[in-house]
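Single-letter residue listing:
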Amino acid sequence: MDFELTEEQLAFQQTARAFAEGELAPFAAQWDAQAIFPAEALAKAGELGFCGIYSPEDVGGLGLSRLDATIVFEELAAADPSTTAYLTIHNMATWMLCTWGGETLRREWGPLMTSGRKFGSYCLTEPGAGSDAASLKTRAERVLDGYVLNGAKAFISGAGVSDMLVVMARTGGSGASGISAFAVPADAPGIAYGRKEEKMGWNSQPTRSVTFDNVRVPASHLLGEEGEGFKIAMRGLDGGRINIATCSVGAAQGALNAAQRYVTERKQFNRALADFQAIQFKLADMLTELVAARQMVRLAATKLDARAPHATAYCAMAKRLATDLGFQVCNEALQIHGGYGYIREYPLERLVRDARVHQILEGTNEIMRSIVARHFLATTSTGEIR
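Criteria and cut-off values
Residues numbered from 1 in each chain as written. Predicted model: local features only at pLDDT ≥ 70, side-chain atom pairs only at ≥ 80, totals over all residues. Heavy atoms only, no water. Buried < 20%, exposed > 50% of the residue type's maximum accessible area, 1.4 Å probe, protein only. Helix = DSSP H or I, 4+ residues; strand = E, 2+ residues; numbered from the N terminus. Pairing = 2+ DSSP bridges. Expected span 1.5 Å × (residues − 1). Contact = heavy atoms within 4.5 Å. Salt bridge = Lys/Arg side-chain N within 4 Å of Asp/Glu carboxyl O.

Re the pairing of strand E5 (residues 179–185)
At step 1: Here E5 lies mainly inside the structure; six of its seven residues are buried.
At step 2: As paired elements, strand E4 (residues 164–170) and E5 share seven bridges and run antiparallel to each other. Bridge pairing in E5 places Val-167 opposite Phe-182.
At step 3: The pairing of E5 with strand E8 (residues 222–223) spans two bridges and is classified as antiparallel. For Ala-181, the partnering residue across the bridge sits in E8 and is Leu-223.

Structural notes on helix H8 (residues 277–305)
At step 1: Its 29 residues place the ends of H8 42 Å apart at the C-alpha level, agreeing with the 42 Å of an ideal helix rising 1.5 Å per residue.
At step 2: When H8 is considered as a whole, its buried residues turn out to be Ile-279, Leu-283, Met-286, Leu-290, Ala-293, Arg-294, Met-296, Val-297, Arg-298, Ala-300, Ala-301 and Leu-304.
At step 3: Where H8 is buried, its residues meet helix H4 (66–77), helix H7 (229–265) and helix H9 (311–337).
At step 4: Arg-307, located one to two residues past H8, shows a positive phi value of around 50 degrees.

What to know about the pattern of salt bridges
At step 1: With the rule as written, the count across this model stands at 21 salt bridges.
At step 2: We note a salt bridge from Asp-32 to Arg-353, for which the minimum N-O separation is 2.7 Å. Placement of the pair is Asp-32 in helix H2 (residues 28–34) and Arg-353 in helix H10 (residues 348–356), with a sequence separation of 321 residues. With respect to class, Asp-32 is no different from Arg-353; both count as buried.
At step 3: Taking the shortest distance from any N to any O, the salt bridge between Arg-298 and Glu-74 comes out at 3.7 Å. With Arg-298 in helix H8 and Glu-74 in helix H4, this residue pair connects regions lying 224 residues apart in the sequence.
At step 4: By relative accessible area, which is 13% here, Arg-298 ends up buried.

Written out as structure tokens, the structure is:
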């Protein structure tokens, strides 16, 4: 096993780090405090290819692997987890459209979304269907020239500012097999957006409910075939879980970097904080847990890239571990800063608030445990998870 990054991966890492330092870090606190959606910065990310990292090259994407994407997202999240998390959601929606869309749809929308000229949102969660996504109620009825969409979605990141909605809706009977996926222009007649939610974190991206009232969707905007929507959604969520885990790793790295600077500069009892063994032990544990989380995420990304057996379980394990440890590292870094960590002059309180939601979305960490246990209990001697 080779844990070293390739020269190409190192180049992407350096490009992402430079972009984060120049375009995200100086503004992240303001975007958070004023709930600003940084469309201009995201468009600049698109110029570097970061809006279509693993989307196909023939529609403007970079065509990179999920492992490559983790390297980019981690660097960006070290400066601004909230904006980076939206970027990962946009990448997921873009990848779905560019992978399962028909040629007309791909040629019209693919280059716009991979370049960051248009933004996407992913619409799966409903008021009554969170963890139990297969029970969603939004319905798409077949008509002569396409579909008519009715229903509601909840907690949609980017809703109200995005241009394209990837929507999961029921075209058949109950259960997963009755769900299909659609690409729906966000300004289509009949779409309405709820108020912008006031959140604990993730303030640089708006979160709203979305309702569909007899929204007409052309047949050409069906993604894949009827009944394939849940499969598409779950493939998206495997990658989404790696993405959000990576955002936690990045946030933890940003917090650890801040703590390292602080303990070398701050003095108590005429000694630098870094000289106290209690602080040294705390930092050692934080670094060890961060490295473990990073390697788990990269392992899961490699499994997903290889379409390996139990890749879903690896993605769930990585999401659970990295989001729990990432939040823990951010919280410990805030503790090291004492009272200074609790004020907005320092980035710690923002990193803690932004990282907390990662333990909830893309499937709660309780659901991640259920997925892992189900795969583990179903394995045989020839298909072990190890």
